[in-house]
Amino acid sequence: MLERLELFPHVIEMNYQARRRLGCCVYLIFDGTDWLLIDIGYEDTVTDIIELIRQMDFPLANCRYLVATHADVDHVQGLARAAELLPDSTTCGHPDAARLLAEGDRVTTYAEITAQGISIDMPTLELNQTIDEGDRLSIGELELDVWHTPGHTVGQLTFQLGNLLFSGDNIYRDGCVGNIDAHHGSDIPQFIESLVRIRDSDAEWLLPSHGPPFRKDNELLQSTIERLSGYCHMADFGTCAVDWPLMEEWDTELALGFRAD
Ligand SMILES: [Zn+2]
């Protein structure tokens, strides 16, 4: 049996377990013999991940849930394959993620970024169950509270387990956030609300979907909130910006006429 490398009691992360980078963070939460996965990553790592789980002596038939934090290709490309290999599990995600997965939406999920020559497989899948704000997922005696935290994309979920927050693509240890892109359904004011909610929560640790876990740091969250608040008024963020104060200044100057001084 492979030694289980728990990050926190009841929580294993598969990149840490493998001691190498597989892709996005894949969290295995367990109690007794029951377990679930939050995200699965790309299809080509699915069999390695499931093999590691088997070697850690988790019964494959006891996978209760395969959860999608959201429907980006780097988080869910392998979900259909994992569902085949773990037929007793229930696949679940936000209704918006369910729609993108069922439709095989290649643009919103980043499977297709034509301008950068990116075009990868995005297997379609009908999720078994949709989950949303206020729902709970049970695993043994543990309960995960489901939060809807839109901003990075419409169907982004976060999960609270006691003092741990599985925070998806909301914020990483360096203060970066999941990318902001109009074609991805990003919404900066909603993103700020999600970050404020995380800042004001009683969670002590954030377990993001990329990179290492980190202790919740309200100064880091605040500086990220302020950065995104600035984005609301910058042309850099195109149609994701709320306004552009320079245009109002220009209107005034157009009325007054240009003076080269
Ligand atoms: Zn991501």
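Residues numbered from 1 in each chain as written. Predicted model: local features only at pLDDT ≥ 70, side-chain atom pairs only at ≥ 80, totals over all residues.

Caption draft 1: Quick peek at the overall build of the protein. If you tally the helices and strands in the protein, you get eight helices and 15 strands. Its C-alpha atoms give the protein a radius of gyration of 20 Å, near enough to 18 Å, the size a compact globule of 261 residues would have. Each principal axis of the C-alpha distribution contributes one length, and for the protein these read about 80 × 40 × 35 Å. Here the protein holds 261 residues, and 42% of them are scored as buried. Considering only contacts in the protein between residues 6 or more positions apart, those separated by 24 or more positions represent 63%. (Helix = DSSP H or I, 4+ residues; strand = E, 2+ residues; numbered from the N terminus. Rg over C-alpha atoms; globule rule 2.2 N^0.38 Å. Buried ≥ 20, exposed ≤ 12 C-beta atoms within 10 Å, placed from the backbone. Contact = placed C-beta atoms within 7 Å.)

Caption draft 2: Molecular detail of the environment of Pro 150. Among the secondary structure elements, Pro 150 is positioned in the loop between strand S11 (142-148) and strand S12 (157-161). Exposure remark for Pro 150: the 21 C-beta atoms within 10 Å place this residue in the buried category. Residues Pro 150 and Asn 218, 68 residues apart in the sequence, show an inter-C-alpha distance of 20 Å. Beyond its immediate sequence surroundings of up to four residues, Pro 150 is in contact with Gln 156, Asp 187, Gln 190 and Ser 194.

Caption draft 3: Fine view of the pairing of strand S6 (residues 90-93). In this sheet, S6 lies alongside strand S5 (residues 63-67) in parallel orientation, the contact comprising three bridges. Bridge pairing in S6 places Leu 66 opposite Thr 91. The pairing of S6 with strand S9 (residues 129-130) spans two bridges and is parallel. The residue bridging Gly 93 from the neighbouring strand is Thr 130, located in S9. (Pairing = 2+ DSSP bridges.)

Caption draft 4: Geometry of the nonpolar core. Core analysis: the largest hydrophobic core is formed by 67 residues, its most contacted members being Tyr 27, Leu 37 and Leu 66. Look past the residues within four positions of Leu 37 in its chain and what remains in contact with it is Val 26, Tyr 27, Leu 28, Cys 63, Leu 66 and Val 67. (Core = buried A, V, L, I, M, F, W, Y, C linked by C-beta atoms within 7 Å.)

Caption draft 5: Up close: the pairing of S12. For S12, the tally of buried residues reaches four of five residues, placing the bulk of the element in the interior. Pairing analysis gives four bridges linking S11 to S12, with the strands arranged antiparallel. Each residue of the ladder has a partner; that of His 148, found in S12, is Leu 157. Here S12 runs beside strand S13 (residues 164-168); their pairing, made up of three bridges, is antiparallel. Bridging across to S13, Gln 160 finds its partner in Leu 165. Between the antiparallel neighbours S12 and S13 lie two residues, among them Gly 162 with a positive phi of about 60°.

Caption draft 6: Main features of the environment of Ile 131. For Ile 131, the position within the fold is in the loop between S9 and strand S10 (136-139). Residue classification places Ile 131 among the buried residues on the basis of 24 C-beta atoms within 10 Å. Note: C-alpha distance between Ile 131 and Met 56 (75 residues apart in sequence) is 28 Å. Residues within four places of Ile 131 in sequence aside, it is in contact with Cys 92, Gly 93, His 94, Leu 137 and Val 146.

Caption draft 7: Region of the structure containing helix H5 (residues 95-103). Where H5 is concerned, the buried positions are Asp 96, Ala 97, Ala 98, Leu 100 and Leu 101. Residues of H5 that are buried sit in contact with helix H3 (73-76), S6 and S9. Of the residues trailing H5, Gly 104 is marked for its positive phi of about 65°.

So far we have only geometry, and geometry alone does not tell us how the molecule works.
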